Amino acid sequence: MSVKEEKMKKTLLRVFVFILFIFRLAEASGQDLSQSGRANVIISTDLGTETISRHIYGHFSEHLGHCIYGGYWVGEGAAIPNTRGIRNDVVEALKKTQIPNLRWPGGCFADEYHWMDGIGPRENRPKMLNTHWGGVTEDNSFGTHEFLDLCEQLGAEPYICGNVGSGSVEEMSKWVEYINFEGVSPMAELRRANGREKPWNLKFWGIGNENWGCGGNMTAEFYADQYRRYATYTRNYGGNRLMKIAGGANSTDYNWTEVLMQKIPHNMMWGLSLHYYTTNWSNKGSATNFGEKEYFETLERCLNVEKAIDRHIAVMDKYDPAKRVALVVDEWGTWWDVEPGTNPGFLYQQNTMRDAMVAALSLNYFNEKCERIKMANIAQTVNVLQSLILTDGEEMILTPTYHVF
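Heads up: these notes are all about the structure in this document. (Residues numbered from 1 in each chain as written. Predicted model: local features only at pLDDT ≥ 70, side-chain atom pairs only at ≥ 80, totals over all residues. Heavy atoms only, no water.)

## A short note on the sheet that holds strand β12 (residues 373-379)
Within the closed barrel, the 8 strands sit side by side as β1-β4-β7-β8-β9-β10-β11-β12. Their pairing is parallel. Sheet twist, expressed as the mean angle between neighbouring strand axes with direction ignored, is 30°. The sheet contact formed by strand β11 (residues 326-334) and β12 spans 4 bridges and is parallel. Bridging from a neighbouring strand, Leu327 pairs with Ile373 of β12. Each of β4 (101-104) and β7 (157-162) touches helix α3 (residues 144-154); the most contacted strand, β4, lies at about 165° to it. Running over the sheet, helix α8 (residues 292-319) touches β9 (243-250), β10 (271-278), β11 and β12 and is turned about 160° from β10. (Pairing = 2+ DSSP bridges. Helix = DSSP H or I, 4+ residues; strand = E, 2+ residues; numbered from the N terminus. Axes fitted to C-alpha atoms, helices over the stretch in contact; angles between N-to-C directions. Contact = heavy atoms within 4.5 Å.)

## Quick look at the pairing of β12
Residues in a regular strand point their side chains to alternate faces of the sheet. Counted residue by residue, β12 has 6 buried out of 7 residues, so it is predominantly covered. Taken together, the 3 bridges between strand β1 (residues 58-60) and β12 define a ladder with parallel strand orientation. By the bridge assignment for β12, Gly58 is matched with Asn377. Following the backbone out of β11, through helix α9 (residues 353-368) and into the adjacent parallel β12, one traces a crossover that is right-handed. (Buried < 20%, exposed > 50% of the residue type's maximum accessible area, 1.4 Å probe, protein only. Right-handed = clockwise from strand over helix to strand, strands pointing away.)

## A short note on the pattern of salt bridges
Enumeration according to the criterion identifies 20 salt bridges in this entry. Residue Glu331 is joined to Arg103 by a salt bridge in which the shortest nitrogen-to-oxygen separation is 3.0 Å. On the criterion of sequence distance, the pair formed by Glu331 in strand β11 and Arg103 in strand β4 is long-range, its members being 228 residues apart. The same class applies to Glu331 and to Arg103, which are both buried. Shared partners join several salt bridges into a network, and the residues in it are Asp317, Asp320, Lys323, Arg324 and Arg372. (Salt bridge = Lys/Arg side-chain N within 4 Å of Asp/Glu carboxyl O.)

## Some remarks on the layout of surface pockets
Of the voids in this model, the second largest pocket is the one considered here, and its volume is about 220 Å³. Along its surface, the second largest pocket is lined by Arg84, Gly120, Pro121, Arg122, Arg125, His145, Glu146, Asp149, Glu152, Asn194, Arg196 and Trp200. Taken together, the residues of the lining of the second largest pocket sort by class into 2 nonpolar, 3 polar and 7 charged. (1 Å grid on protein atoms, 1.4 Å probe; cavity = no way out; pocket = protein on both sides within 12 Å on 5 of 7 lines; lining within 4 Å. Points joined across faces, edges and corners; volume = space filled by probe spheres on them. Nonpolar A, V, L, I, M, F, W, Y, C, P; charged D, E, K, R; others polar.)

## Side note on the packing of helix α7 (residues 254-263) against α8
Orientation of α7 relative to α8, taken along the N-to-C sense of each, is 20°, at an axis distance of 9 Å. For the element pair α7 / α8, the angle class is roughly parallel. Like other packed secondary-structure pairs, α7 and α8 cross with a definite hand, here right-handed. Touching Tyr254, Thr257, Glu258, Met261 and Gln262 of α7 are Lys307, Ala308, Arg311, His312, Val315, Met316, Lys318 and Tyr319, all from α8. Of the residues assigned to the contact of α7 with α8, the class counts are 6 nonpolar, 3 polar and 4 charged. (Parallel < 35°, antiparallel > 145°, perpendicular 65-115°, else oblique. Left-handed = near helix turned anticlockwise from the far one by under 90°.)

## A look at the state of the cysteines
Tallying each qualifying case throughout the model produces 1 disulfide. Residue Cys108 pairs covalently with Cys214 via a disulfide, S to S 2.2 Å. Disulfide Cys108-Cys214: torsion about the S-S bond near -90°, hence left-handed. Within this pair, whereas Cys108 is found in the loop between β4 and β5 (128-130), its partner Cys214 is found in the loop between β8 (204-207) and α6 (220-233), the two being separated by 106 residues in sequence. Accessibility expressed as a relative area gives 11% for Cys108, which makes it buried. The thiol of Cys151 is unpaired, and the distance to the nearest cysteine sulfur, on Cys67, comes to 12 Å. You can see Cys302 has no disulfide; the closest cysteine sulfur is in Cys370, sitting 18 Å from it. A residue is classified by how much of its surface remains accessible, and Cys302, at 2% relative accessible area, is buried. (Disulfide = S-S within 2.5 Å.)

## With respect to unusual backbone geometry
Among all residues save glycine, negative phi is the norm, and among peptide bonds the norm is trans. At the junction of Trp104 and Pro105, the peptide bond is cis and its omega measures out at 5° in the coordinates. Following Ala379, the chain continues to Gln380 via a peptide bond in cis, the omega torsion being -10°. Summarising the element assignment, Gln380 is placed in the loop between β12 and β13 (389-392). One non-glycine residue, Asn140, lies in positive phi territory at about 60°. Assessed through its relative accessible area of 1%, Asn140 is described here as buried.

## Brief notes about the packing of aromatic side chains
The final tally for this structure, using the stated rule, is 21 aromatic pairs. With a centroid separation of 5.9 Å and 70° between ring planes, the pair formed by Trp73 and Phe142 is classed as edge-to-face. One end of the pair, Trp73, is in the loop between β1 and β2 (82-83); the other, Phe142, is in the loop between β6 (136-138) and α3, and 69 residues separate them in sequence. By relative accessible area, which is 7% here, Trp73 ends up buried. Ring centres 6.1 Å apart and planes at 70° place the aromatic pair Trp104 and Phe142 in the edge-to-face group. Note that Trp104 is positioned in strand β4 and Phe142 in the loop between β6 and α3, a separation of 38 residues in sequence. A relative accessible area of 0% places Trp104 in the buried class. For Phe142, a relative accessible area of 0% translates into the label buried. Through a chain of ring-to-ring contacts, the aromatic side chains of Trp73, Trp104, Phe109, Tyr113, Trp115, Phe142, Phe147, Trp175, Tyr178 and Trp205 assemble into a single cluster. A cation sits over an aromatic face here: Arg103 above Phe60, 4.6 Å from the ring centre. (Phe/Tyr/Trp six-rings, centres within 6.5 Å; stacked < 30°, edge-to-face > 60°. Lys NZ or Arg CZ within 6 Å of the ring centre and 35° of its normal.)

Quick look at the structure:
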């Protein structure tokens, strides 16, 4: 056995023991662990210097496969128990994790989504083609009101990602006004006409997604200029203050981070995103059919996120030593080949303890870097990639990753 393999096995053992401890502690809550007495856990809260943000344990749900339709949304007339069309079983399961925030509508889908198609009477909403994911037609029955209703049912903060790639400054500006303005204005009146009197006072707002790729294939310099335009017109209303998040780098593209930190005034962005998936892009492999070699290779790739994060943080520290701008890892997790027989554009994969190990290692490092990382969003919550929940009609199961959360 090589030194690298030995280190990986020791790392796996430590993670396994930690997870086992958490499971046993939860299982024993309020009960005797043995006949000899109760378990005592001492937490020295005065030894830390930073506060871990609860938003590190956030989630991501895109219009992709059966994440939204069938995952959350079944419609008010469905036989599956629901509240205003949203599945009760999924909501109750996620509430038990104390889900802090939920990112929507994408992902790549965000930069082709036009929000006004998803408001008003559902029978009047235009259909759209989801060109990114499976080429399916969506009826826009799940839109702004439905998403924000979902977040209220979950007790989670909504995190909306706006359309920079195919949208306009005006479109995004009006969306913020529609959601957050309490006074008299065309968008506020439209919201009221659609059944919502009070604004939602949404805080987290993303200015585009993966604009280096599916969000427009832009250069970092061009996107930085676009960000400044869009951020200028996504306004604060009343006492609410938007926490604007710039579309950040892909994995190890440190130049993207450098340009944005240099070109965007730090008072114009609360956070800068980063996307990092634990995968071998040339050969993703099966989610369930793997051996010990693939197991440890996966954990090694997961540990490489530490090096990537450290380098991005070093760039951010260069321009922002006061750490005013948060690093937001708003897409992370495992990415395997889709399950045989499923639509390749739906990114449906099974979930094992290997995925749980990746989740535990990743979250642990996000916690370690909490002085800079203030939010993270696993991809994705239901039925897509490293999901916490899988549904099939009226049936629902919780994955190993769910239990880590």
